[in-house]
Each structure stands twice: as structure tokens, then as C-alpha cells.
Amino acid sequence: GQNIDQPTEMTATEGAIVQINCTYQTSGFNGLFWYQQHAGEAPTFLSYNVLDGLEEKGRFSSFLSRSKGYSYLLLKELQMKDSASYLCAVGQDSNYQLIWGAGTKLIIKP
Amino acid sequence: GAVVSQHPSWVICKSGTSVKIECRSLDFQATTMFWYRQFPKQSLMLMATSNEGSKATYEQGVEKDKFLINHASLTLSTLTVTSAHPEDSSFYICSARKPAGANVLTFGAGSRLTVL
């Protein structure tokens, strides 16, 4: 079956670093996506990994290991506005559909 | 960039009425759009894949006759919730993939439906 696991909730301190993990078992793979979703709003795209390794984009980095079915999103220099849910999603081979994880609610404390 | 506009952003209706939600790609053509539903504190659930000029593909458990999807042009898809009931109250979000993009989906802002 299709399964994507990520922690339900994490708490971190402003200015610190946090790593959100995502493991997946899916029948197809066409890239792994991370989206950020603030409460009551639609998701916004953060990163896309299709090859193994680390992709860095400013304060955010995303890592993928296809052999392990594992990814993480690394957020540095945390700001209060980073408080949001972070959704991990896996693209399927034959279409553009995504299989979504349940999301990780990140709480940033001063 | 790729912009997807969704309207209305929120709607309140009486039980038994129908509600139409529009999803437009403003600066690109989208042959495929996706409709999601999201209940509070839960992840996105794909309802259906909307294909321009053809019938939508519905996910298992989603009633075709209740959630009517029309994708009549390359920039517009509509979701109509027919005979809405309180359990249909949810956050409905559409997304589209820019053709030349790397499978990245652009989302509309979402429509919050409350059925009284």
C-alpha cells in the first residue's frame, strides 16, 4: 500500500534549526515534495527532490535518499513566521498526482 | 510565475443547496487540475483529477453525482457541490501544474464551505 509517515507535531526555538523527517513507501516515485501550509491557507511549494542528495534554498534545505525511502526538510535560523504545517508528498510515476503525508505542525517558541 | 485563482474564498449555504467553486489558472494553461478537500487538522485528500475536455477522474469514495467537476477550458475548472449537507463543510483547494514546470503544483487559495 501507499504510506507516508511524518511526525505529527514538533516544537523548536526561534533562531534554532529543526529537521522534519518523512519516510515513504509508495508504488511509484516521481519526486518528493515539501509544502508549507499556514493555518487556513493553501499549501505553498518549498522544495522538490528527484535525485538523492541535498537541495539548498536559503534557510530551507531538503534531502532525499531513494534507497531508504527517506527525506527530511531542514529549516535554519527559525523565525516565528515559520510556524506552520509542513507537508511531505510523493509524486506518482504515470500522472501528476501526489500522495500526501498527514503533515507536521511546527511550533516556534520565542 | 504560475498563479491559480480560486473563488469564492469562503461561502456559507443552507443544507440542500448547490455551491459552485471556480479554479482559474491566470497566466498559464492547465490541461490538468486537481481538487482536494481538507478537514480541520488533517492532510489534503485528493477528490478528483480534472482533465480539460474530458470527464474527471474521481478518487475512490468520492461521489461523482455529488461533486460535479467541469473543465471546459484550459484555464478554468469548476467544482459544484450539489445538495450540500453539513458534513460537506470543509476547505476545498484546487491545484494545477504548469506544463513546463517540474511537476510542481500551484495551489489556489482555497474555498471554505460551511453548510448550515
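Reading the values: rules and limits
- Residues numbered from 1 in each chain as written.
- Chains lettered and ligands numbered in written order.
- Predicted model: local features only at pLDDT ≥ 70, side-chain atom pairs only at ≥ 80, totals over all residues.
- Heavy atoms only, no water.
- Contact = heavy atoms within 4.5 Å.
- Buried area = accessible area lost by both parts, 1.4 Å probe.
- Salt bridge = Lys/Arg side-chain N within 4 Å of Asp/Glu carboxyl O.
- Polar contact = N/O pair within 3.5 Å; in protein donor to acceptor, adjacent residues only side chain to side chain.
- Helix = DSSP H or I, 4+ residues; strand = E, 2+ residues; numbered from the N terminus.
- Nonpolar A, V, L, I, M, F, W, Y, C, P; charged D, E, K, R; others polar.
- Buried < 20%, exposed > 50% of the residue type's maximum accessible area, 1.4 Å probe, protein only.
- Pairing = 2+ DSSP bridges.
- pLDDT = per-residue confidence, 0-100.
- Disulfide = S-S within 2.5 Å.

Caption draft 1: The interface of chain A and chain B, seen in detail. Tallying the contact residues gives 17 residues for chain A and 20 residues for chain B. Taken over both partners, the interface formed by chain A and chain B buries close to 1500 Å², and the fraction arising from carbon and sulfur atoms is 60%. Run the count over chain A and chain B and you get zero salt bridges. The tally of links from chain A across to chain B stands at three residue pairs in polar contact (both at pLDDT 80 or more). Looking at the side of chain A that touches chain B, the elements with two or more residues in it are β4 (32-37), β5 (44-49) and β10 (98-100) of chain A. The greatest single-element share of the side of chain A that touches chain B, amounting to three residues, is contributed by β4 of chain A. Classifying every residue of the side of chain A that touches chain B gives 11 nonpolar, five polar and one charged.

Caption draft 2: Just the pairing of strand β9 (residues 90-97) of chain B, in detail. Residue and element names in this part refer to chain B. Of all eight residues in β9, eight are buried; the element is thus mostly enclosed. Alternating positions in β9 separate into two faces, S90, Y92, C94 and A96 on one and F91, I93, S95 and R97 on the other, with burial throughout. Pairing of strand β4 (residues 32-38) with β9, which is carried by six bridges, proceeds in the antiparallel orientation. If you follow Y36 over to β9, its bridge partner there is I93. By the bridge criterion, three bridges tie β9 to strand β11 (residues 111-115) in an arrangement that is antiparallel. When the sheet's bridge partners are listed, S90 is paired in β11 with L113.

Caption draft 3: A look at the pattern of salt bridges. Residues and elements named next belong to chain B. Enumeration over the complete set of coordinates arrives at five salt bridges over all chains. A salt bridge links E22 to R24; the shortest N-O distance between them is 3.4 Å. Overall, the relative accessible area of 24% leaves E22 in the partly exposed class. Among the ionic pairs, K66 bridges to D88, the shortest N-O distance being 2.9 Å. Here the residue K66 occupies a position in the loop between β6 (57-58) and β7 (67-73), and D88 occupies one in the loop between β8 (76-81) and β9, the gap between them amounting to 22 residues.

Caption draft 4: The confidence of the model for chain B, seen in detail. Per-residue pLDDT for chain B averages 90, and the proportion of residues at 70 or more is 95%. Mean pLDDT across the elements of chain B bottoms out in strand β10 (residues 105-107) of chain B (88) and peaks in β8 of chain B (96).

Caption draft 5: Fine view of the state of the cysteines. The tally for this structure, following the rule as stated, stands at two disulfides over all chains. A sulfur-sulfur separation of 1.9 Å characterises the disulfide bridge that pairs C22 of chain A with C88 of chain A. Here C22 of chain A and C88 of chain A share a disulfide; its torsion about the S-S bond, -65 degrees, makes the bridge left-handed. Taken together, the residues C22 of chain A in strand β3 (residues 18-25) and C88 of chain A in strand β9 (residues 84-91) connect sequence positions 66 residues apart. Take C22 of chain A and C88 of chain A: they sit in the same class, and that class is buried. A sulfur-sulfur separation of 2.0 Å characterises the disulfide bridge that pairs C23 of chain B with C94 of chain B.

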